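# Report on the structure
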Amino acid sequence: MSNLIKTVLFLILSAFLTHLIPFSDVFRNLDTMIHEFGHAVATLALQGEVRYIELYANHSGVTYSRVMANWSMIPISLSGYMMASLFALFLFHVRAKGKEKLGLQLMTLIAVLALVLFIRNEFGIIWTVGFIVLNTVMLAFVPRWLRDIYYLLLAFLTLEESVFGPFSLILYALEDPSKAGDATNLSMVTPLPPVVWGTIFTVFALMCAGKAIRIFLGGKKPRRAKMLSGPGYGE
């Protein structure tokens, strides 16, 4: 069985299992936040202006911005899905090293920055504040085993959304090319049609997901024992 087929089957299974967990659907907006934050960071890096970000209950989002040159739309439009895929991969790298706490801290930091700088609609604000509060509780007040389970849930939900999101662009592009989001934006400034851009996003996402799954199946690296000195040690 090829790695691609294994990746797709693993993603379908994990999507089914995570949907059985109560309230897991709420956390799927994490991928949306990362996606839109990627657009915002790329816009600022290219000296554009980010007006605001909106997150919606159906897991979609939009970044309203202004840029000076048409060519800058290419890296800005690429940044959303690609940052989401890379971030999902990063979460599994962090888990493999046993540093789930660091991963949660980074998620929380991004959420704080997005809330303070960009997010302005009611649902987006409520969701982001709730996510920050819950992460803070997980970091400060719960046992490690529970925090690690919570982290793994977020990692898998982000991984699934990072793949199924761009795959949906292909379907949107086939149905109505004008409504394929970032793929449509890219088609306006490049010769490639939306369905091709949707396919490019999906292939990149599957590559990242395949690597993330191999990291997960490889298990955590054992922590090194700390060297202790003093009476009773090293004698």
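Residues numbered from 1 in each chain as written. Predicted model: local features only at pLDDT ≥ 70, side-chain atom pairs only at ≥ 80, totals over all residues. Heavy atoms only, no water.

## Focus on the side chain of His39
- Structurally, His39 can be placed in helix 2 (residues 29–45).
- Reaching out from His39, the side chain makes a polar contact with the backbone oxygen of Ile76 at a distance of 2.6 Å.
- Separated by 3.4 Å, the side chains of His39 and Ser79 make a polar contact. (Helix = DSSP H or I, 4+ residues; strand = E, 2+ residues; numbered from the N terminus. Polar contact = N/O pair within 3.5 Å; in protein donor to acceptor, adjacent residues only side chain to side chain.)

## As for the pattern of salt bridges
- Going through the model one piece at a time under the given rule, you end up with 6 salt bridges.
- For Arg28, the salt bridge is made with Asp25, and the minimal N-O distance between the two is 3.5 Å.
- Between Asp148 and Arg144 there is a salt bridge, with its nearest N and O atoms 3.4 Å apart. On the criterion of helical spacing, the pair formed by Asp148 and Arg144 is a turn pair, its members being 4 residues apart in helix 6 (residues 144–175).
- The exposure class assigned to Asp148 is buried, which follows from its relative accessible area of 15%.
- The exposure class of Arg144 is partly exposed, given its relative accessible area of 35%.
- Counted as one network, the salt bridges with shared partners bring together Asp25, Arg28, Glu160 and Glu161. (Salt bridge = Lys/Arg side-chain N within 4 Å of Asp/Glu carboxyl O. Buried < 20%, exposed > 50% of the residue type's maximum accessible area, 1.4 Å probe, protein only.)

## Concerning a nonpolar patch on the surface
- A cluster of nonpolar side chains, Leu4, Ile5, Val8, Leu9, Ile12 and Phe164, forms an exposed patch at the surface whose accessible area comes to about 500 Å².
- Here the element with the most residues in the nonpolar patch is helix 1 (residues 3–19); it accounts for 5 residues.
- Along the chain, Val8 falls in helix 1.
- Val8 gets classed as partly exposed once you look at its relative accessible area, which sits at 32%. (Patch = residues over 30% accessible without salt bridge, like charges linked within 9 Å, V, L, I, M, F, W, Y side chains within 5 Å. Areas by Shrake-Rupley, 256 points an atom, 1.4 Å probe, with all protein chains shown as cover.)

## Some thoughts on the packing of helix 6 against helix 8 (residues 194–217)
- For the pair helix 6 and helix 8, interaxial distance at closest approach is 8 Å and the crossing angle is 160°. Our classification of the angle between helix 6 and helix 8 gives roughly antiparallel. Helix-helix and strand crossings are classified by hand; for helix 6 and helix 8 the assignment is left-handed. In this structure, helix 6 uses Leu152, Phe156, Leu159, Ser162, Val163, Pro166, Phe167, Leu169, Ile170, Ala173 and Leu174 to contact helix 8, whose residues at the interface are Pro194, Val195, Gly198, Thr199, Phe201, Thr202, Ala205, Leu206, Ala209, Ala212, Ile213 and Phe216.
- Classifying every residue of the contact of helix 6 with helix 8 gives 19 nonpolar, 4 polar and no charged. (Axes fitted to C-alpha atoms, helices over the stretch in contact; angles between N-to-C directions. Parallel < 35°, antiparallel > 145°, perpendicular 65-115°, else oblique. Left-handed = near helix turned anticlockwise from the far one by under 90°. Contact = heavy atoms within 4.5 Å. Nonpolar A, V, L, I, M, F, W, Y, C, P; charged D, E, K, R; others polar.)

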